[in-house]
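These are the residues of each chain, in order.
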Amino acid sequence: MAPIQKECDYLVIGGGSGGLASARRASGMYGAKTITIESQRLGGTCVNVGCVPKKITWNAATIAETIHEAKSYGFTVEQTKPFDWTTFKHKRDAYIKRLNGIYESNLHKDKVEYIHGRAHFLSPKSVEVKLDDGTLQNINAKKILIAVGGHPSIPDVPGAELGIDSDGFFELERQPKRVAIVGAGYIAVEMAGMFHHLGTETHLFIRQDKFLRSFDPMIQDKVLEEYERQGLHVHKRSSQQSVTDLGNGWKKLAYTDAGGKGELEIDCLLWAIGRAPEVEDLGLDKTGVKLDKKGHVPVDEYQNTNVDNIYALGDVCDRGFELTPVAIAAGRRLSDRLFGGQSSAKLEYDDIPSVVFAHPEVGTIGLTEPAAREKFGDENVKCYNTTFMDLYFTMMDADGKSPTNYKLVCVGKEEKVVGLHIMGLGSSEILQGFGVAIKMGATKKDFDRCVAIHPTSAEELVTLK
Ligand SMILES: Cc1cc2nc3c(=O)[nH]c(=O)nc-3n(C[C@H](O)[C@H](O)[C@H](O)COP(=O)(O)OP(=O)(O)OC[C@H]3O[C@@H](n4cnc5c(N)ncnc54)[C@H](O)[C@@H]3O)c2cc1C
């Protein structure tokens, strides 16, 4: 039987953060005939195996931390049973399932046609979708958006398949007793923090001496110091030689680190070594769309690929920010431009705030100190630093105190703020407001003109000397 043919104005491949945002705006706001194709669960990485279940798990780990700290405030909190990972996991899954349903009904409300299946290009203007029942559907579209995101990478180490990746983290039915996490990016650091605070013996293997290497050196140093102080095992200058199955869910990781050769028996190995764009079976060779060396789809500032009427955004591109709000904003701006008559609509990729849900939290926006020095010259850069103990910790013994660290990076005579790097309680919430100020071009003087809110940690940012 010949495949069914469909026609539309806008075909969106990928029902994740960026694809859904763009499709809904194109159809719901501008009336473009829009089809979205998704091969897995609606909502993409963020909803299913990223931000949302991650933050819920981080909340659980933060509660564990608070229960531990409650004693210092005079509470007697006896935990009669260990953390019930399985019940927690099922409850979290149920919430995500509800979200999947909400995303589908939102598409319906905005009159976006949703097709569940796997898409690949037949030509620059047509796509074939393999539906769940194996039948094929062809769609011709005037404009096509590639919003297929990425997937976790697994290294070429013998026995690597015995490990899981960040997607597998959310499938764990039971809490591991001892985990090895390999990776130095924010996903590795966040997952290590969550495991540790929920009571799993946690080993983090990093290739160099520090993690979070794209962050300001202050953040790299202080979070590492803090993780080591909290008792997390960080294996520096490490590499992994092999993984062997010991049975009953246990495996042995052979590694080298700064201390020499070692072996570790673990019941969970998590690879968090990076992510690759999901372009392998997309048929881009049929379109002429070019890829860069790492397989990302290069785009200009308007999300145009090198082929007319084919656009790309989100994690499949390499714009330096693999974040949900970035994909969403790029998707909306693109539809404003293509269907809303706003010919210059585009996302500004500078001063994008981002956070790491580590323990403690990290927030960062703008340039790191080294990047500012390189861009503006040492003589034009002035940094303001502060380290202090949040009032919350005054009730703790010395070994329970976690320092807060802030850095403001300013340039020029007027001391324009070009970077803000914060680590400590509440940093993720604090950063959003300061992000607005920095985006508006705030100077150090503007920060100082704002009256402090007392007693808070954030007040230190408007009283820096
Ligand atoms: C563990 C983890 C934690 C994260 N935490 C945060 C966070 O706290 N804050 C934050 O802002 N970001 C976070 N992110 C990043 C965020 O999830 C991504 O940046 C965001 O989801 C990217 O959106 P996207 O639309 O580009 O891709 P995705 O959301 O990945 O969506 C792409 C969709 O395309 C579908 N697809 C792929 N190929 C095809 C095909 N051929 N046919 C049909 N469908 C296809 C996929 O199934 C997927 O659903 C996290 C990511 C991970 C992995």
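Calculation rules
Residues numbered from 1 in each chain as written. Predicted model: local features only at pLDDT ≥ 70, side-chain atom pairs only at ≥ 80, totals over all residues. Helix = DSSP H or I, 4+ residues; strand = E, 2+ residues; numbered from the N terminus. Buried ≥ 20, exposed ≤ 12 C-beta atoms within 10 Å, placed from the backbone. Contact = placed C-beta atoms within 7 Å. Domains from an automatic or database assignment. Pairing = 2+ DSSP bridges. Axes fitted to C-alpha atoms, helices over the stretch in contact; angles between N-to-C directions. Near = placed C-beta within 6 Å. Nonpolar A, V, L, I, M, F, W, Y, C, P; charged D, E, K, R; others polar. Expected span 1.5 Å × (residues − 1). Arc of directions from axis to C-beta. UniProt positions renumbered as here; feature names shortened; annotations may be inferred. Parallel < 35°, antiparallel > 145°, perpendicular 65-115°, else oblique. Left-handed = near helix turned anticlockwise from the far one by under 90°.

## A short note on the overall build of the protein
Secondary structure summary: the protein contains eleven helices and 20 strands in total. Along the first, second and third principal axes, the C-alpha atoms of the protein reach 70 × 65 × 40 Å. The buried share among the 465 residues of the protein stands at 42%. For the protein, long-range pairs separated by at least 24 residues make up 65% of all intrachain contacts whose partners lie at least 6 apart in sequence.

## Brief notes about the domain arrangement of the protein
For the protein, the assigned domains read domain 1 (4-50 + 88-152 + 276-339), domain 2 (160-273) and domain 3 (360-462). If you average the C-alpha positions of domain 1 and of domain 2, the two centres end up 32 Å apart.

## Comments concerning the sheet that holds strand β13 (residues 268-271)
If you trace the four strands from one edge of the open sheet to the other, you get β9-β8-β7-β13, paired in parallel fashion. Across the chains shown, the open sheet's two edge strands, defined by having one partner strand only, are β9 (233-235) and β13. The sheet shows a mean angle of 20° between the axes of neighbouring strands, taken without regard to direction. Here strand β7 (residues 178-182) runs beside β13; their pairing, made up of four bridges, is parallel.

## Some details on the site of the ligand
By nearness alone, 35 residues border the ligand, and G14, G16, G44, G149 and G314 come closest of all. When contributions to the shell around the ligand are tallied by element, the ones reaching two or more residues are α1 (17-29), β2 (34-38), α2 (44-49), α3 (51-70), β3 (113-123) and α8 (324-339). Considering each element in turn, the shell around the ligand owes the most residues, four residues, to α2. Looking at the shell around the ligand residue by residue, the classes come out as 14 nonpolar, 15 polar and six charged.

## A closer look at α3
If you check α3, its first and last C-alpha atoms are 28 Å apart, about what 20 residues at 1.5 Å a residue would give, namely 28 Å. Taken residue by residue, α3 has P53, T57, W58 and A61 as its buried positions. Taken end-on, α3 shows its buried residues confined to a sector of 140°, consistent with a single buried face. Residues of α3 that are buried make contact with α2, α4 (85-109) and α6 (186-198).

## Considering the UniProt feature "binding site: FAD" (unreviewed entry) in the protein
Feature annotation in UniProt assigns "binding site: FAD" (unreviewed entry) to the following positions: K55 and D315. Its location among the elements puts K55 in helix α3. For D315, the residues in contact, after removing those within four places along its chain, are G149, G150, R275, P277, E322 and A327.

## Topic: the environment of A188
The topology assignment puts A188 in helix α6. When the C-alpha atoms of A188 and S214 are compared, they prove to be 14 Å apart, with 26 residues separating the residues in sequence. With sequence-adjacent residues up to four places away left out, A188 is seen in contact with I181, G183, L204, F211 and A272.

## What to know about the UniProt feature "active site" (unreviewed entry) in the protein
When the UniProt feature table is mapped onto this chain numbering, "active site" (unreviewed entry) sits at H454. Considering the arrangement of structural elements, one finds H454 in the segment after α11 (444-449). Given 8 C-beta atoms within a 10 Å radius, H454 is considered exposed.

## Describing the packing of α1 against α8
Interhelical geometry of α1 versus α8 gives an angle of 30° and a closest axis separation of 7 Å. With respect to α8, the element α1 is oriented roughly parallel. The hand of the α1/α8 crossing is right-handed. Packed against α1, whose contacting residues are S17, G18, G19, A21, S22, R25 and A26, the element α8 presents T324, A327, I328, A330, G331, R332, L334, S335, D336, L338 and F339 at the interface. Tallied by class, residues from the contact of α1 with α8 come to eight nonpolar, seven polar and three charged.

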